[in-house]
Amino acid sequence: MTATAPAAEATVRKSSPGAARGPRRRTGRLRRVGLPYLLLLPALLLELLVHLVPMVIGIVMSFKELTQFYIRDWSTAPWAGLDNYSVSVDFDAPVGQALLHSFLVTAAFTVLSVGLCWLIGTAAAVFMQDTFRGRGLLRALFLVPYALPVYAAVITWVFMFQHDNGLVNHVLHEQLGLTDKPSFWLIGDNSFVALLTVSVWKGWPFAFLIVMAGLQNIPRELYEAAALDGAGMVQQLRRITLPSLRPVNQVLVLVLFLWTFNDFNTPYVLFGKSAPEAADLISVHIYQASFVTWNFGAGSAMSVLLLLFLLVVTGVHLALTSRGRRTAQ
């Protein structure tokens, strides 16, 4: 009797509900923790296939002498090492000079486009904060350029920029008389103005949308108190609106910068495979180096250099914004 009593108690303890609840709790906790990662797994696999794998292949291609002779089996192309990079950054040679010129054009275009998009979008968002008749319709019209497909919108601008029968020359030359003769907008120096116009036209509604969403988080009591203290509209904009929108603007400017600097669709549809020298953006320049001259190794090297530049700019921007956020706290 005394020998079988502990064994019986152990059997009862093992078969009790409390003892079986422990493993069940651990299993349920593992399921709750692992379920979100399991749901994210398809998206991560697609991200790996769509973005990361081609990026790794492009980096490998940049170290190869990959020309039209090795397109059928690019893995057999001879190893070039850093030759493609040295040729790309040799600014005394024609290839390096052309890449530097394209980079400077892209930088100037990006600064102007992002600045104008932010300025117009912010002004429109501040204007739309007041209640007036037709505000909903006007807000919908503001978002039309952002909602239109890029190809349809840019092709429409191509027809508008035509020399003989384009709407732009018709208005500027024939109706307003601002020019002596019809201008060529898709070739020559005016191509930069045309590219900048299309980029701002289709980009400022995004800034308008983001700034307008940020304005919704600013309490109206701040403006009422400032008005009671005698602050005018300009002072309210400087002291309340812009400081409150600083976190939103930091993200907005970075996103607009990355989108504009990498923009390929707009110049390609606007000018075709060979963009004018005044509008030779680096995205089209890399396309020409890869698919026009059939030097995929050099084009891949230029793409990697562009990626490194954008990573450096993004890192510096995030470091400066985080430092400013800590200082403000």
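Parameters and conventions
Residues numbered from 1 in each chain as written. Predicted model: local features only at pLDDT ≥ 70, side-chain atom pairs only at ≥ 80, totals over all residues. Heavy atoms only, no water. Helix = DSSP H or I, 4+ residues; strand = E, 2+ residues; numbered from the N terminus. Buried < 20%, exposed > 50% of the residue type's maximum accessible area, 1.4 Å probe, protein only. Contact = heavy atoms within 4.5 Å. Phe/Tyr/Trp six-rings, centres within 6.5 Å; stacked < 30°, edge-to-face > 60°. Axes fitted to C-alpha atoms, helices over the stretch in contact; angles between N-to-C directions. Parallel < 35°, antiparallel > 145°, perpendicular 65-115°, else oblique. Left-handed = near helix turned anticlockwise from the far one by under 90°. Nonpolar A, V, L, I, M, F, W, Y, C, P; charged D, E, K, R; others polar. Core = buried A, V, L, I, M, F, W, Y, C linked by side-chain atoms within 4.5 Å.

Draft legend 1. Just the overall build of the chain, in detail. A tally of helices and strands in the chain yields 15 helices and zero strands. In the chain, which comprises 329 residues, the proportion classed as buried is 32%. Of the contacts made within the chain by residues no fewer than 6 positions apart, 64% connect residues no fewer than 24 positions apart.

Draft legend 2. Representation of the packing of aromatic side chains within the structure. One pass over the full model with this rule turns up 21 aromatic pairs. Summarising the aromatic geometry, the rings of Phe63 and Trp79 are spaced 5.9 Å apart at their centres and angled 10 degrees between planes, so their arrangement reads as stacked. Of this pair, Phe63 sits in the loop between helix 2 (17-61) and helix 3 (83-88) while Trp79 sits in the loop between helix 2 and helix 3, and the two are 16 residues apart along the sequence. For Phe63, a relative accessible area of 22% gives the class partly exposed. Residue classification places Trp79 among the exposed residues on the basis of a relative accessible area of 59%. When the ring of Phe142 is compared with that of Trp204, the centres are 5.3 Å apart and the planes differ by 70 degrees; the resulting orientation is edge-to-face. With Phe142 in helix 5 (residues 135-142) and Trp204 in helix 9 (residues 190-215), this pair connects stretches of sequence that are 62 residues apart. Relative accessible area serves as the criterion here: at 12%, Trp204 is assigned to the buried category. A connected cluster of aromatic rings, assembled from ring pairs, spans Phe264, Tyr268, Tyr287, Phe291, Trp294 and Phe296.

Draft legend 3. Main features of unusual backbone geometry. In this model, Trp294 sits at a positive phi of 60 degrees, which is unusual for a non-glycine residue. If you trace the backbone, Trp294 turns up in the loop between helix 14 (282-292) and helix 15 (296-328).

Draft legend 4. Structural view of the packing of helix 4 (residues 94-127) against helix 9. In the contact formed by helix 4 and helix 9, the axes pass within 6 Å of each other and the chain directions differ by 40 degrees. The angle between helix 4 and helix 9 places the two elements in the oblique class. Our pair here, helix 4 against helix 9, has a crossing hand that is right-handed. In the contact of helix 4 with helix 9, the residues fall into 21 nonpolar, five polar and no charged.

Draft legend 5. Representation of the nonpolar core in the model. Among the nonpolar cores identified, the biggest contains 42 residues, and Phe161, Leu195, Phe208, Leu256, Leu270 and Phe271 are the most heavily contacted of them. Counting only elements with at least two residues in this core, the list comes to helix 4, helix 7 (150-160), helix 9, helix 10 (220-228), helix 12 (246-261) and helix 13 (265-271). Among the elements that take part in this core, helix 9 stands out by supplying 13 residues, more than any other. Setting aside anything within four residues of it in sequence, one finds Leu195 in contact with Phe109, Thr266, Pro267, Leu270, Phe271, Ala279 and Leu281. Core analysis: the second largest hydrophobic core is formed by nine residues, Leu99, Phe257, Phe261 and Leu310 among them.

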